[in-house]
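Descriptive analysis of the structure
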Amino acid sequence: MSIWGLPSEHAQFLKFALLVMRVPGFLLLDVWWYSLPDASETEQLGFNVASLLFLSLAVSLLLLPLSDLVHVYMHIISGGCIIAAHLVIHQFLQRDASPPTTSSSIAYVYIFLSLLFLTCLSNWCLPVLKRPQSVLFPGMYLIPVLFSLGGMSLTSTKWSVQIVDSCMVILCTIYSLGLLKKIYKYVKEVFDFYSVVRREIGNHHFISMMISRAWQPESLVLLFSYLFLWQVWSNYNDLTDKKYIIKEKGLHI
C-alpha cells in the first residue's frame, strides 16, 4: 500500500477518497484530448505550453500518491480563493460606484464575510504546507474594504485595489518560484525510484502497473456515473428551454 500513499489504518476510507480525487484527472485528460491543436496551430508556442501544463496536471492527478495529491488540491483551492477574492473586490467596486442605498450596509457585510471566509479557507489549506505567508492569501483584499468604510473616495479605493492586486501577483510569483526547487527535487526522486522499478520488473510490467494505477475501475465507474448524470441534467435543461420557447411562440404540437 505504500506505493499508493495509503497507510494501513483507515485504508478503506482513504482509498475511497483517493478514487474520488482521481476523477478530475480523467476530466482534465478528456478536455486536453479534445483541445489538441490542429496542424495549422502547432506553431503556436503559447498554446503548446499551456496544453503541456494542462496534460501535466491531469497526469499528476492520476498518478500522485494520496499525501502529494492532497497538497496539489490544497494549492488549487488556495489559488481559487485568490481568484474569487479578486472577483469579489471588483464587484464591490462596481457596487460602490452606484448611488448609496439602504442596502449599502448589507453589501459591506456580504463583502467582508466573503473575504473573511476565503481568507480562512486559504489559511486552512496553506498551513498544511507550512507556509508562514499564508495569512496574506487573500486577506490583503480586506484593506480596500476597510479604507472604503473609513470614508475613502472611490478613486482612492480603486487605486488601493490595484496596489493589492500588484502585491498579490508579486507574492504569488515569489511563492511559485520558491516551489520550483522542491518540485524539481521531487520529480527527480520519483524518476529515480521508478527507473529502479522499471529495471527490476521490465518495461511491459512497468507499463501495465502504471496503467492499472491510473485507470482504476472504481475511478472509471465514478467518472462514467458523473458523465451520465451530467448528460441527463443537460438533456433535461434543453427540454425545459424548448418547452418555454414553444409556449412563448404559441405553437401547438
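Keep in mind that this is a model prediction, so the values were computed, not measured.

Moving on, we come to the overall build of the chain. Each helix and strand in the chain was counted, giving eight helices and zero strands. Overall, the chain shows an N-to-C arrangement of helices and strands of α-α-α-α-α-α-α-α. Relative to its 253 residues, the chain shows a buried fraction of 29%. Long-range pairs, those at least 24 residues apart, make up 71% of the contacts in the chain with a sequence separation of at least 6. With the model as given, the accessible surface of the chain reaches about 17200 Å², and the carbon-plus-sulfur share is 70%.

Remark: helix α5 (residues 142–149) packs on helix α6 (residues 154–201), axes separated minimally by 9 Å, with the N-to-C direction vectors making an angle of 165 degrees. When the axes of α5 and α6 are compared, the pair comes out roughly antiparallel. Regarding α5 and α6, the two cross each other, and that crossing is right-handed. Across the interface between the two elements, P144, F147 and S148 from α5 touch T157, S160, V161 and V164 from α6.

A separate point is a nonpolar patch on the surface. A grouping of V109, F112, L113, L116, I143, L146, F147 and L149 is seen on the molecular surface, where their side chains present a nonpolar patch of about 700 Å² in accessible area. Listed by contribution, the elements that provide at least two residues to the nonpolar patch are α4 (104–125) and α5. Locating L146 in the fold gives a position in helix α5. A residue is classified by how much of its surface remains accessible, and L146, at 49% relative accessible area, is partly exposed.

A few words now on the pattern of salt bridges. One pass over the full model with this rule turns up one salt bridge. Note that K188 is salt-bridged to D192, the shortest N-O span being 3.3 Å. Of this pair, K188 and D192 both sit in helix α6, four residues apart, roughly one helical turn. Exposure remark for K188: the relative accessible area of 44% places this residue in the partly exposed category.

To continue, consider the packing of α6 against helix α7 (residues 203–214). Axis angle and axis distance: for two packed helices, these are the angle between their axes and the distance between the axes, and together they describe the pair. Two elements in contact, α6 and α7, have axes separated by 6 Å at closest approach and are oriented at 125 degrees. The angle between the axes of α6 and α7 places the two elements in the oblique class. Side by side, α6 and α7 meet where Y194, V197, R198 and I201 of the first sit next to N203, H205, F206, M209, M210 and R213 of the second. For the contact of α6 with α7, the residue count by class is six nonpolar, two polar and two charged.

Let us look at the confidence of the model for the chain. For the chain, per-residue confidence averages 75 on the pLDDT scale, and 76% of positions sit at 70 or higher. Mean pLDDT across the secondary structure elements of the chain bottoms out at helix α8 (residues 217–249), with 69, and peaks at α6, with 85.

This next bit is on the nonpolar core. Grouped together as the largest cluster of nonpolar side chains are 22 residues, with contacts concentrated most on I89, F92, I111, L115, Y141, V145 and M168. Breaking this core down by element, the ones donating at least two residues are α3 (66–96), α4, α5 and α6. For F92, the residues in contact, after removing those within four places along its chain, are Y108, I111, V145, S148 and T157.

The rules behind each value
- Residues numbered from 1 in each chain as written.
- Predicted model: local features only at pLDDT ≥ 70, side-chain atom pairs only at ≥ 80, totals over all residues.
- Heavy atoms only, no water.
- Helix = DSSP H or I, 4+ residues; strand = E, 2+ residues; numbered from the N terminus.
- Buried < 20%, exposed > 50% of the residue type's maximum accessible area, 1.4 Å probe, protein only.
- Contact = heavy atoms within 4.5 Å.
- Areas by Shrake-Rupley, 256 points an atom, 1.4 Å probe, with all protein chains shown as cover.
- Axes fitted to C-alpha atoms, helices over the stretch in contact; angles between N-to-C directions.
- Parallel < 35°, antiparallel > 145°, perpendicular 65-115°, else oblique.
- Left-handed = near helix turned anticlockwise from the far one by under 90°.
- Patch = residues over 30% accessible without salt bridge, like charges linked within 9 Å, V, L, I, M, F, W, Y side chains within 5 Å.
- Salt bridge = Lys/Arg side-chain N within 4 Å of Asp/Glu carboxyl O.
- Nonpolar A, V, L, I, M, F, W, Y, C, P; charged D, E, K, R; others polar.
- pLDDT = per-residue confidence, 0-100.
- Core = buried A, V, L, I, M, F, W, Y, C linked by side-chain atoms within 4.5 Å.

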